[in-house]
Amino acid sequence: MSNPNANPGKQMTEVEALLSGDRRALARAITVLESTRAADRRLAEKLLRCAMPHTGNSIRIAISGAPGVGKSTFIEAFGNRATEQGHRIAVLTVDPTSSFSGGSILGDKTRMHTLATNPHAFIRSSPSGQILGGVARRTGEAMLVCEAAGFDLIVVETVGVGQSEILAASMTDIFLLLLLPTAGDELQGIKRGIMELADVVVVNKADGDMKKSATAAAADIQHALALLKPPPKPNPKRAQWRTPVVLVSSIEKTGLDEVQQKINECRRWLETDGALQKRRRRQAKQWLWNETREQLLAELKQDNAVREALAAVVQQVSDGKLPASVAARDLIATFMRSAP
Ligand SMILES: Nc1nc2c(ncn2[C@@H]2O[C@H](COP(=O)(O)OP(=O)(O)OP(=O)(O)O)[C@@H](O)[C@H]2O)c(=O)[nH]1
Ligand SMILES: [Mg+2]
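Notes on the structure follow. In this text, all values refer to a predicted model and were calculated from it rather than measured experimentally.

## Some details on the overall build of the protein
Scanning the protein for helices and strands turns up 15 helices and seven strands. Looking at the protein as a whole, 35% of its 340 residues are labelled buried. In the protein, the share of contacts with a sequence separation of at least 24, taken over all contacts with a separation of at least 6, comes to 77%.

Structure below.
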C-alpha cells in the first residue's frame with residue numbers, strides 16, 4: 001500500500017456518508033469492493049476497516065429455492081412488510097450461474113420494483129459469470145458495508161443450483177428455503193444437504209388452486225424434515241431448533257408475518273448460549289483461510305519466476321513425468337525464493 005492517506009478528506013466523506021446510511025454512498029462503496037483495480041482495492045481495504053466497528057448488528061438471512069419458485073416476489077413482499085415494521089433491508093444476490101440465465105437479473109429489477117424504490121431498502125445484484133470464491137468475497141464484504149450503513153436485515157438471495165447455497169449459508173445466520181406446493185414430487189429433486197441447511201421452510205404460492213396442495217405439501221415437508229433431522233443426543237441445556245414450515249402467498253401477501261416471527265424465534269434461539277457468536281466466529285475464521293488461500297494463489301500466479309517455470313512444469317505433470325505434489329512444492333519453492 002503506497003499511501004493510503006493520499007486523499008483522506010474525500011475518503012472520510014465517503015465513509016461518513018456510508019455510516020449515515022446514504023444508499024448512494026453504499027452503492028458506490030460496493031462498486032469499489034467489486035473492483036479489481038489496485039487503487040480501488042486499497043480504497044476498499046480502508047473502507048472496510050472503517051466499516052468493521054459498525055458491522056454485525058443485523059440478522060443475516062440466506063434465501064434459496066429453485067428457479068421460478070418465487071424468491072424475488074417473496075423478497076419484495078417480505079421486504080416491504082419488514083420496512084413497514086421499521087426494519088431496513090438490504091438484498092444481495094449470489095448467482096454465479098447468472099451468465100447462463102441472463103434474464104434473471106433484469107427480471108428481478110422489474111419484479112422487485114416496489115422494493116427497489118423503497119427508501120428503506122437496498123438491492124444489489126452481483127455481476128454474472130464470476131467464480132464462486134469471488135462471488136463469496138464480494139457478497140461477504142457487501143454485507144459488511146450494508147450493516148455499517150445501518151441495514152438490520154440482510155438477505156442473501158441465491159438460486160437453487162450448484163454450490164451457491166452452501167456459500168450463502170456459510171455467510172449468514174439463518175437459511176430460508178422456498179419450495180413449491182408440489183413438494184411430494186419436488187422433494188425428490190432437492191438435495192438432502194439443502195434440506196438439512198434449512199432453518200425455515202416456506203411453501204410459496206399457497207393461493208388459488210394451489211392452496212390445497214400447498215397444505216398437503218407442508219405436511220409432507222414437515223415429515224421429511226423430521227426424518228432428515230433426527231433429534232440429537234439429549235442436551236438438557238439446549239433445545240433443538242425444529243425447522244418450521246410456513247404457508248405463504250407472496251402475491252396475496254399472506255403468511256409473511258409468520259415468516260418474520262419464525263425468523264425472530266430462530267434468531268433468539270441462536271442467541272441463547274452464544275451460539276450465534278460462535279457460528280459467526282467460525283464463519284469469519286473460514287473466511288480468513290479462504291481469503292488467504294486465494295490471495296496467496298493469486299500472488300503466486302503473478303510471480304515472474306513462477307510464470308517462467310510454469311509451462312515446463314505443467315508439461316511435465318501432464319506428460320506424467322512429474323508427480324503433481326512434487327511439482328507444486330517446486331513452484332512454491334520458486335515463489336518463496338523470488339518473493340520480496
Ligand atoms: N400464484 C402465485 N404465483 C407466484 C407467487 N410468487 C411468485 N409467483 C409467480 O411465480 C413466477 C416466478 O416468480 P419469481 O419471483 O420471479 O421467482 P424466482 O424464484 O425469483 O425466479 P428466478 O429468479 O428466475 O430464480 C412469477 O410469474 C411470479 O408471479 C405466489 O405466491 N403465488
Ligand atoms: Mg428471482
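Once the structure has been displayed, the description carries forward.
## A short note on the environment of Thr334
Among the structural elements, Thr334 can be located in helix 15 (residues 324–338). Here Thr334 falls in the buried class, since 20 other C-beta atoms lie within 10 Å of it. The sequence separation of Thr334 and Ala305 amounts to 29 residues, and the corresponding C-alpha distance is 6.6 Å. Excluding anything up to four places from it in sequence, Thr334 contacts Ala305, Val306 and Ala309.

## Structural notes on the packing of helix 14 (residues 304–318) against helix 15
Put simply, helix 14 and helix 15 touch, their axes get as near as 9 Å, and they point 170° apart. One way to sum up the angle between helix 14 and helix 15 is to call them roughly antiparallel. Facing Asn304, Ala305, Val306, Ala309, Val313, Gln316 and Val317 of helix 14, the residues of helix 15 in contact are Ala324, Ala327, Asp330, Leu331, Thr334, Phe335 and Ser338. Here the residues of the contact of helix 14 with helix 15 sort into nine nonpolar, four polar and one charged.

## Comments concerning the environment of Glu14
Checked against the element boundaries, Glu14 lands in helix 1 (residues 8–19). Of the residues examined, Glu14 has 19 C-beta atoms within 10 Å and is grouped as partly exposed. Residues contacting Glu14, with those up to four places away along its chain left out, are Ala25 and Arg28.

So, how was this worked out
For every chain, the first residue of its written sequence is number 1, and the numbers climb from 1 along that sequence. Whichever chain is written first is A, and whichever ligand is written first is 1; the rest continue in order. In keeping with the predicted nature of the model, local features appear solely for residues at pLDDT of at least 70, side-chain atom pairs appear and are counted solely at 80 or more, and the whole-chain, interface and lining totals rest on all residues. Secondary structure elements are taken from DSSP: a helix is a run of H or I of four residues or more, a strand is a run of E of two residues or more, and numbering for both begins at the N terminus. Any residue surrounded by 20 or more other C-beta atoms within 10 Å of its C-beta is treated as buried, while 12 or fewer makes it exposed and the intermediate range makes it partly exposed; C-beta atoms here are placed from the backbone. Contact between two residues is assigned when their C-beta atoms, built from the backbone, lie within 7 Å. Inter-axis angles, ranging from 0 to 180 degrees, are taken between N-to-C directions of lines fitted to C-alpha atoms, where helices are fitted over the stretch in contact. Oblique is the label for any angle not covered by the other classes, which are roughly parallel (under 35 degrees), roughly antiparallel (over 145) and roughly perpendicular (65 to 115). Asp, Glu, Lys and Arg are counted as charged, while Ala, Val, Leu, Ile, Met, Phe, Trp, Tyr, Cys and Pro are counted as nonpolar; the rest, among them Gly, fall into the polar class.

Nothing here speaks to function; it is geometry throughout.
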